[in-house]
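# Summary of structural features
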Amino acid sequence: MKKCFFRPVLFLLPFLLIVMLGISSAHAAAGKWGTTMEEALEALKLKGDVDDGEDIYTVCAACHLPTGWGDLAGTFPQLAGQHATVLIKQIADIRAKNRDNPTMYPFAIQIEGAQDLADVSAYIQTLKMNPDPPRGPNGPLYLLTNLRKDTSKNSLDVLEGTIGTDNFKNLKKLEEKRFQTEEAYLKAVSQAIGPAEMNKYKAELLKRADWGSDLKLGKKLFEENCVKCHGDHGQGNYKDYYPVIAGQTYLYLIRQFYWIEIGKRRNANPDMVKQIAGFTPLDMRSVVDYGSRFEMKKGDWKKVKEEED
Ligand code: HEC
Ligand code: HEC
């Protein structure tokens, strides 16, 4: 990696962000979990150069932030604290279009090869995790959101067909506002569209806005279904490429979990897909909320080889 290789593309970033965000690529050939491992395996044999990695990371920082913590809304995942094997596999999958990521793809393909992959991962490993990542709801939450817009029959836009355009326009004013009780939510809805309309569509309005989680249920599901791969405190598994989910942004994880469930994340592990088939939306939110609340411990990580100068 020559120093400053990425610099010329930096000025293009805002433009590309606007163009690429939200465009979802067509589902090309079906992807598989371990089909594009060649580059990843090659990178894992190499020693990573932290200084070169830091240089490469300049471009990554525009989205994943210089801290590597990602964004609060979960569009950009936290990379800090993720196992190097996972970072390398995921970037290699994105490069090979085995994991669709149209936002990042143009940047991922500028990585020149296995050595750059090892370098940038070695640098990311030096970043400390966010000590206070954005958590899940831990209890009831009423929220009108388009979080799963592109894939979900549960998204806010679906309501328009049911409640009509005028009501929908008024309701949009409540988008992303968080209510801790059903009563507070329904009161706000009533003010937005009137009590008669609110009563008429009450069941639908509750179903679409219910984003709560139940940590007791989450604990049970986590222990029964997730521990064997993601570890007893969400620490993942370096050797087997199982991601760290402890301390990762809740909203990012929810989206990934859902995409894995419906097959949109094409490099998903088939055993995980089987494991979570039949999870209800509440199961899903609860188990992810629970699993992301752990903290990593010393010894959970194993470092990739670093270049010694
Ligand atoms: C234009 C924004 C953007 C840039 C620049 C970018 N990424 Fe990403 N990256 C994303 C998005 C968005 C996702 C999550 C995609 C999804 O939701 O599936 C992601 C996901 C990832 C993941 C997977 C994380 C996980 O938990 O599975 C890794 C690893 C990653 N990026 C590394 C990098 C590296 C290294 C660079 C620099 C070479 C980089 N990214 C540059 C937007 C970006
Ligand atoms: C058989 C092993 C296995 C089981 C069981 C499993 N997972 Fe996974 N999970 C994986 C692997 C492997 C990945 C990464 C897939 C890939 O390579 O893209 C993953 C990815 C994820 C992700 C996305 C992480 C990211 O950074 O993008 C979430 C969230 C997740 N799993 C949550 C869970 C939860 C919650 C459970 C239990 C209900 C569970 N998984 C059960 C193996 C498993």
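Residues numbered from 1 in each chain as written. Chains lettered and ligands numbered in written order. Predicted model: local features only at pLDDT ≥ 70, side-chain atom pairs only at ≥ 80, totals over all residues. Heavy atoms only, no water.

### Side note on the overall build of the chain
Along the chain, the regular secondary structure elements total 17 helices and 2 strands. By the burial criterion, 53% of the 309 residues in the chain qualify as buried. Excluding contacts between residues fewer than 6 apart, the proportion of contacts in the chain whose partners are at least 24 apart in sequence is 77%. For the chain, the accessible area works out to roughly 15,400 Å², and carbon and sulfur atoms hold 57% of it. (Helix = DSSP H or I, 4+ residues; strand = E, 2+ residues; numbered from the N terminus. Buried < 20%, exposed > 50% of the residue type's maximum accessible area, 1.4 Å probe, protein only. Contact = heavy atoms within 4.5 Å. Areas by Shrake-Rupley, 256 points an atom, 1.4 Å probe, with all protein chains shown as cover.)

### Re helix 4 (residues 50-64)
The end-to-end C-alpha distance of helix 4, which contains 15 residues, comes to just 17 Å, noticeably less than the 21 Å that a straight helix rising 1.5 Å per residue would cover. Of all the bends in helix 4, the largest measures some 50 degrees and sits at Thr58. By the burial criterion, the buried members of helix 4 are Asp52, Gly53, Asp55, Ile56, Tyr57, Val59, Ala61, Cys63 and His64. With a side-chain oxygen lying 2.9 Å from the backbone nitrogen of Asp51, the N-terminal cap of helix 4 falls on Asp49. (Expected span 1.5 Å × (residues − 1). Bend = angle between axes of the 7 residues up to and from the residue. Polar contact = N/O pair within 3.5 Å; in protein donor to acceptor, adjacent residues only side chain to side chain.)

### Thoughts on the site of ligand 1
Around ligand 1 sit 22 residues, and of these Cys60, Cys63, His64, Met104 and Arg255 come closest. Taking His64, its side chain carries an N or O atom lying 2.8 Å from a nitrogen atom of ligand 1. Between an oxygen atom of ligand 1 and a side-chain N or O atom of Arg99, the distance comes to 2.8 Å. Contributions of two or more residues to the shell around ligand 1 are made by helix 4, helix 5 (84-95) and helix 15 (250-262). (Near = heavy atom within 4 Å.)

### Concerning the packing of aromatic side chains
Overall, the coordinates contain 7 aromatic pairs when judged by the stated rule. Note on Phe222 and Phe294: the rings are 5.8 Å apart at their centroids and 40 degrees apart in plane angle, and the pair reads as tilted. Residue Phe222 is located in helix 13 (residues 215-225), and its partner Phe294 is located in the segment after helix 17 (281-291); the two are separated by 72 residues in the primary sequence. By relative accessible area, Phe222 is classed as buried at 1%. Ring-pair connections join several aromatic residues into one group, and the members of that group are Tyr142, Phe179 and Tyr185. Residue placement shows Arg255 over the ring face of Trp259; its charged tip is 4.8 Å from the ring centre. Directly above the ring of Trp259 sits Lys264, whose terminal nitrogen or CZ lies 4.6 Å from the centroid. (Phe/Tyr/Trp six-rings, centres within 6.5 Å; stacked < 30°, edge-to-face > 60°. Lys NZ or Arg CZ within 6 Å of the ring centre and 35° of its normal.)

### What about helix 15?
Look at helix 15: 18 Å from first C-alpha to last across 13 residues, which is about the 18 Å you get at 1.5 Å a residue. For helix 15, the buried fraction is high: 11 of the 13 residues fall into the buried class. All of the buried residues along helix 15 are Tyr250, Leu251, Tyr252, Leu253, Ile254, Arg255, Gln256, Phe257, Tyr258, Trp259 and Ile260. Contacts made by the buried residues of helix 15 are with strand 2 (178-179), helix 16 (270-276) and helix 17. Two residues or fewer past helix 15, Gly263 is found with a positive phi of approximately 90 degrees.

### Here we look at the side chain of Arg266
Position of Arg266 among the secondary structure elements: in the loop between helix 15 and helix 16. Engagement of the side chain of Arg266 in a polar contact is seen with the backbone oxygen of Lys97, the distance being 2.7 Å.

### Points about the coordination of the iron atom of ligand 2
Looking at the metal site, the iron atom of ligand 2 is ligated by His230 (NE2) and Met272 (SD), spaced 2.0 to 2.1 Å from it. Geometry at the iron atom of ligand 2 is octahedral, judged from its 6 donor atoms and the angles of 88 to 179 degrees they form at the metal. With His230 in helix 14 (residues 227-230) and Met272 in helix 16, this residue pair connects regions lying 42 residues apart in the sequence. Residue His230 is classed as buried on the basis of its relative accessible area of 13%. (Donors = N, O, S within 2.8 Å, 3.2 Å for Na, K, Ca; no water. Tetrahedral: all angles 85-135°; square planar, octahedral: opposite > 155°, others 65-115°.)

### Some words on the pattern of salt bridges
Counted under the stated rule, the structure contains 11 salt bridges. The closest approach of N and O atoms between Glu204 and Arg208, which form a salt bridge, is 2.9 Å. Within this pair, Glu204 and its partner Arg208 are both found in helix 12 (residues 202-209), separated by 4 residues, close to a single helical turn. When sorted by exposure, Glu204 lands in the same class as Arg208, which is buried. (Salt bridge = Lys/Arg side-chain N within 4 Å of Asp/Glu carboxyl O.)

### A closer look at the coordination of the iron atom of ligand 1
Taken together, His64 (NE2) and Met104 (SD) make up the protein donors of the iron atom of ligand 1, found 2.0 Å from the metal. Note that the iron atom of ligand 1 binds 6 donor atoms; their angles at the metal cover 88 to 179 degrees, and the shape is octahedral. Taken together, the residues His64 in helix 4 and Met104 in the loop between helix 5 and helix 6 (105-108) connect sequence positions 40 residues apart. Look at His64 and you get buried, because its relative accessible area is 9%.

On their own, these measurements won't tell you what the molecule is for.
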